[in-house]
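Summary of structural features
Letter by letter, the chains look like this.
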Amino acid sequence: MKVRYYSFFASLNRPAVALLLAGLAASCNQAGKTETTTTATTPAATASNKADWWKETVVYQLYPRSFQDSNGDGVGDLKGITSRLDYLKSLGVGTVWLNPIYASPNDDNGYDISDYRAIMPEFGTMQDFDALLQGMHGRGLKLVMDLVVNHSSDEHAWFKSARASRTSPYRDFYYWWPAEKGTPPARYSTFDVKHDAWQYDAPTKSYYLHYFSKKQPDLNWNNPKLRQEVYKIMRFWLDKGIDGFRMDAFQFVAKDPSFPPIPNVTESNFANSYNHGPRLHDYLQEMNREVLSHYNVMTVAEGAGRNVTEAMLFVDPARKELNMTYHFEGVGVGNNADTYQLTDLKRVFTKWDSAFAQKGWQAIDLGNHDQPRMVSKFGDDRPAFRAPSAKLLNTFLLTMRGTPYCYNGDELGMTNSKFNGIADYRDVAARNAYTLLKQQKGDEKAFFHTLARFSRDNSRTPFQWDDSAQAGFTTGTPWLNVNPNYVTLNRAAEEKDSSSVLHHFRRAIAVRKQHKVLVYGQYQLLDAANPNIYAYTRTLNGEQVLVVLNFSSAPRTWALPAGLTPTGQPWLNNYPTAPTGPALALQPWQAVVYRLR
Ligand code: NOJ
Ligand code: CA
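Residues numbered from 1 in each chain as written. Chains lettered and ligands numbered in written order. Predicted model: local features only at pLDDT ≥ 70, side-chain atom pairs only at ≥ 80, totals over all residues. Heavy atoms only, no water.

A closer look at the overall build of the chain
Formally: Numbered from the N terminus, helices here are DSSP runs of H or I no shorter than four residues, and strands are runs of E no shorter than two. The globule rule used here is 2.2 Å times the number of residues to the 0.38 power, and the radius of gyration it is set against is calculated over C-alpha atoms. Throughout this description, buried means an accessible area under 20% of the type-specific maximum (1.4 Å probe, protein chains only), exposed means over 50%, and partly exposed covers the range between. We call two residues in contact when some of their heavy atoms are within 4.5 Å. When charges are counted, Lys and Arg are positive and Asp and Glu negative, with His and the chain ends excluded. Charge positions are represented by NZ for Lys, CZ for Arg, CG for Asp and CD for Glu.
Helix and strand counts for the chain come out as 19 helices and 21 strands. The C-alpha atoms of the chain give 24 Å as radius of gyration, which agrees with the globular expectation for 597 residues (25 Å, within 12%). Taken along the three principal axes of its C-alpha coordinates, the chain extends 75 × 55 × 50 Å. Split into buried and exposed, the 597 residues of the chain put 62% on the buried side. Contacts in the chain between residues far apart in sequence, at least 24 positions, make up 71% of those at least 6 positions apart. When the 65 positive and 58 negative side-chain charges of the chain are each reduced to one mean point, those points stand 3 Å apart.

Take a look at the structure:
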């Protein structure tokens, strides 16, 4: 049985058939053999991206519940984060994106907000928030907050009023289907046990819409009053001095309120049917006019429409909407566990890069709180390969064109965790999927096999600070078990080891900061069909670098394309020595950044 927990993200933007790779030379993929390469063409003119702070920054995604507990209740909190600001600064990142810290009954770990202007008591107080923001700004770090306005919590005052009476002034802040009209046209919900997005509500004999869990009713963006309330909330936080928003599930906000029937509503057509609804861009342009244009902040939309053309509509500067989007196709290809190939990853990242080569901007990421750990998915988390593959993946993130998003713990190479049954999982998606499985008497073995690899809880385990009890995260019992590998895999151990993933991460950030070619330089894929090597050049104003990544646990030899000659010491390398041409003999998961000119 297929586990349906947020895996719809994997189905977003599934490529049509357009393979950029078509026609390129097939390569030999046997370990140790020289692999043929395609010839690098002369780079075309540099992309005309204008300089902006949010393009040059590196974003560190911080999951507050799991970062640092300060009071022993087992839950990470704001004071805990404040106590770790020197660590964040030491990484070299410029911006922190905090997952939601607002008041919430926590049906979906804070993505169900009951008061947009209050801090979740478990996380602390508004004073704690102000101190955190001040501490960050004092260190030159920027703070981006999650804005979750596709839906609120069912415990938000608006919804409580709306559900009490059909004449409530807040009734139209949500979508209702009166029962006298019959059963509403089918809509899919990702987290609902039955995947039914309509929940019957007895007090007003009506159904309300919820694309996520039934405790996350969808807000009605067609209502200008709701939009104005959202803009006020945004101004409240921006006036406190925050530096931007990551906009949750934003591509879903626009709905046709007549709810025309959608034939065959399933998880796989969820994205196609609901993404990018009517008036989405009117709303974004209005939000920009009324709020964003008055502040020098960054905005990033989660999701990017159904394809690159739609994605551009969010970020084309002429349209005055948002700064960047992040798409799901990159993290999604790795979720096709049995068929995933490196060539898929190359094709996807190359396609998205080309789409934004002349205008617009995108986020670069390989993991977040909705995905398993990047090293377990795209690298090799076995002891011999964990560190080199984590370093390689960080090298990739920090040498691509776009703003890199590093998910907390990935700078250490944290891995997927170990769960001993449903009681160990906390995610609403996993738990509701299990309820459904039981109802349907499904195959538990297959279910847990898939869950172990892909559960969102894998990336939500507590941050591994040191080898003391509970990894130094809490003195109490953590809300989600610590990954047992904390005994050897932790920040303290990596600080002491100059060859650790952590030190490599810092070096990679320093190199990116020093060389604008890694931020703005044109990207060109080399040897597209090679199943093991991901190689590309970045070129800006006559300066050119070559990034060579051996995405495999075997040594590989890669022939330098004619005309590309490294000069001087490599800028970055995750092994003590770097191979030299004309055929580069690469160690397993070796990642080298060479300067060409
Ligand atoms: C996307 C968030 O990243 C995810 O964690 C959340 O469950 C859904 N949106 C619903 O808000
Ligand atoms: Ca706490």
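Details of the coordination of the calcium ion (ligand 2)
The condition that has to hold: Listed donors are limited to N, O and S atoms within 2.8 Å of the metal, widened to 3.2 Å for Na, K and Ca; water is not among them, so incomplete-looking sites are possible.
Looking at the metal site, the calcium ion (ligand 2) is ligated by Asp-69 (OD), Asn-71 (OD1), Asp-73 (OD), Val-75 (O) and Asp-77 (OD), spaced 2.3 to 2.4 Å from it. Along the chain, the residues that donate to the calcium ion (ligand 2) are spaced as D-x1-N-x1-D-x1-V-x1-D.

Considerations on the domain arrangement of the chain
This is how the line gets drawn: What marks off one domain from the next here is an automatic or database domain assignment. The term buried area refers to how much accessible surface (probe radius 1.4 Å) is lost by two components on association, counted for both of them together. Any Lys or Arg side-chain nitrogen located within 4 Å of an Asp or Glu carboxyl oxygen qualifies as a salt bridge. Whenever a nitrogen or oxygen atom comes within 3.5 Å of another N or O atom, the pair is scored as a polar contact, on the condition that within protein one atom can donate a hydrogen and the other can accept it, and that pairs from neighbouring residues in sequence are kept only if both atoms are in side chains.
Annotation of the chain at the domain level lists domain 1 (53–150 + 224–255 + 269–430 + 457–501), domain 2 (157–209) and domain 3 (522–595). Taken together, the contact between domain 1 and domain 2 spans 13 residues of the former and 10 residues of the latter. Contact between domain 1 and domain 2 buries roughly 930 Å² in total, counting both sides, with carbon and sulfur atoms accounting for 73%. Linking domain 1 with domain 2 are 0 salt bridges. One can count 1 residue pair in polar contact (both at pLDDT 80 or more) joining domain 1 with domain 2. The element contributing the most residues to the side of domain 1 that touches domain 2 is helix 7 (residues 224–240), with 4 residues.

Details of the confidence of the model for the chain
Counted only if it meets this: Per residue, pLDDT captures the predictor's confidence, and it can take any value from 0 to 100.
When pLDDT is averaged across the chain, the result is 91; 92% of the residues are at 70 or more. This stretch, residues 1–48, has a pLDDT under 50; its non-local contacts, to residues over four places away or in other chains, come to 131 contacts.

Quick notes on the packing of helix 10 (residues 308–315) against helix 12 (residues 342–355)
So the rule is basically this: What counts as an axis is a line fitted to C-alpha atoms, over the stretch in contact for a helix, and the angles between N-to-C directions run from 0 to 180 degrees. Roughly parallel covers angles under 35 degrees, roughly antiparallel covers those over 145, roughly perpendicular covers 65 to 115, and oblique covers all other angles. A crossing counts as left-handed when the near helix is turned anticlockwise from the far one by less than a right angle, and as right-handed when that turn is clockwise. Under the grouping applied here, Gly and all other residues not named as nonpolar or charged are polar, the nonpolar ones being Ala, Val, Leu, Ile, Met, Phe, Trp, Tyr, Cys and Pro and the charged ones Asp, Glu, Lys and Arg.
At a minimum axis separation of 10 Å, helix 10 and helix 12 run at an interaxial angle of 45 degrees. Taken together, the axes of helix 10 and helix 12 are oblique relative to one another. When you trace helix 10 past helix 12, the crossing you get is right-handed. On helix 12, the residues that touch Val-308, Ala-311 and Met-312 of helix 10 are Lys-351, Trp-352 and Ala-355. Across the contact of helix 10 with helix 12, the residue classes break down as 5 nonpolar, no polar and 1 charged.

Quick look at the sheet that holds strand 10 (residues 244–247)
Put simply, the rule is: For two strands to be treated as a pair, DSSP must find no fewer than two bridges joining them.
Here 8 strands make up an open sheet; going across it, the order is 12-11-10-6-3-2-14-13 and the pairing parallel. Each edge of the open sheet is held by one strand with a lone partner, namely strand 12 (324–326) and strand 13 (363–364). Sheet topology places strand 11 (residues 298–302) next to strand 12; 3 bridges connect them, and they run parallel. Looking at the pairing, Glu-302 lines up with Tyr-326 of strand 12. Taken strand by strand, helix 5 (residues 126–138) contacts strand 3 (95–98) and strand 6 (142–147), and its axis lies near 140 degrees from that of strand 6.

Description of the pattern of salt bridges
Two side chains bearing opposite charge may form a pair once their charged atoms approach each other closely. Within this structure, the stated rule accounts for 35 salt bridges. The residue Asp-108 makes a salt bridge to Arg-456 at a minimum N-O spacing of 3.2 Å. You can see Asp-108 sitting in the loop between strand 4 (102–103) and strand 5 (115–119) and its partner Arg-456 sitting in the loop between helix 16 (444–454) and helix 17 (491–496), a full 348 residues away along the chain. The class of Asp-108 is buried, set by a relative accessible area of 6%. For Arg-456, a relative accessible area of 2% gives the class buried.

So, the environment of Val-59
Tracing the backbone shows Val-59 in strand 2 (residues 59–62). Look past the residues within four positions of Val-59 in its chain and what remains in contact with it is Thr-95, Trp-97, Met-298, Thr-403, Pro-404, Tyr-405 and Cys-406.

Describing the nonpolar core
Applied cut-off: We define a nonpolar core as any set of buried Ala, Val, Leu, Ile, Met, Phe, Trp, Tyr and Cys residues linked to one another through side-chain atoms lying within 4.5 Å.
Ranked by internal contacts, the top residues of the largest apolar core, which has 146 residues, are Tyr-87, Leu-88, Phe-129, Trp-221, Trp-237 and Tyr-534. Sequence-distant contacts of Phe-129, defined by excluding residues within four places in its chain, comprise Leu-78, Ile-101, Ile-119, Leu-143, Met-145, Trp-237, Lys-240 and Ile-242. Ranked by size, the runner-up nonpolar core spans 18 residues in total, among them Leu-209, Ala-249, Phe-252 and Phe-259.

Looking at unusual backbone geometry
The omega angle of the peptide bond from Gly-581 to Pro-582 is 5 degrees, so this bond is cis rather than trans. With respect to the helices and strands, Pro-582 occurs in the loop between strand 19 (567–573) and strand 20 (583–586). Even without a glycine there, the phi angle at His-195 is positive, about 60 degrees. Inspection of the secondary structure puts His-195 in the loop between strand 7 (176–178) and strand 8 (198–201). Using a relative accessible area of 14% as the deciding quantity, one classes His-195 as buried. A positive phi angle is found at Lys-320, which is not glycine, with a value near 55 degrees. Here Lys-320 shows up in the loop between helix 10 and strand 12. The class for Lys-320 is exposed, based on a relative accessible area of 56%.

Thoughts on the side chain of Thr-57
Relative to the elements of secondary structure, Thr-57 occurs in the loop between helix 2 (53–56) and strand 2. With a relative accessible area of 7%, Thr-57 lands in the buried category.

A few points about helix 10
Every buried residue of helix 10 is accounted for by Glu-310, Ala-311, Met-312, Phe-314 and Val-315. Looking at the buried side of helix 10, the elements it contacts are helix 9 (280–290), strand 11, strand 12 and helix 12. Two or three places before Thr-309, at the opening of helix 10, Asn-307 has a side-chain oxygen 3.2 Å from that residue's backbone nitrogen.

Some remarks on the packing of aromatic side chains
This is how it is decided: Planes of paired rings set the category: under 30 degrees apart is stacked, over 60 is edge-to-face and the rest tilted, where pairs are Phe, Tyr or Trp rings (Trp by its six-membered ring) whose centres lie within 6.5 Å.
Inspection of the entire model under this criterion finds 45 aromatic pairs. On the basis of an interplanar angle of 85 degrees and a centroid distance of 5.0 Å, the ring pair of Phe-129 and Trp-237 is categorised as edge-to-face. Separated by 108 residues along the polypeptide, Phe-129 in helix 5 and Trp-237 in helix 7 bring together distant segments of the chain. Like Trp-237, Phe-129 is buried. Considering the side-chain rings of Phe-236 and Trp-237, the 5.1 Å spacing of their centres and the 85 degrees angle between planes classify their relative orientation as edge-to-face. These aromatic residues form a ring-pair network of at least three members: Phe-349, Phe-396, Tyr-523, Tyr-534, Tyr-536, Phe-551 and Trp-589.

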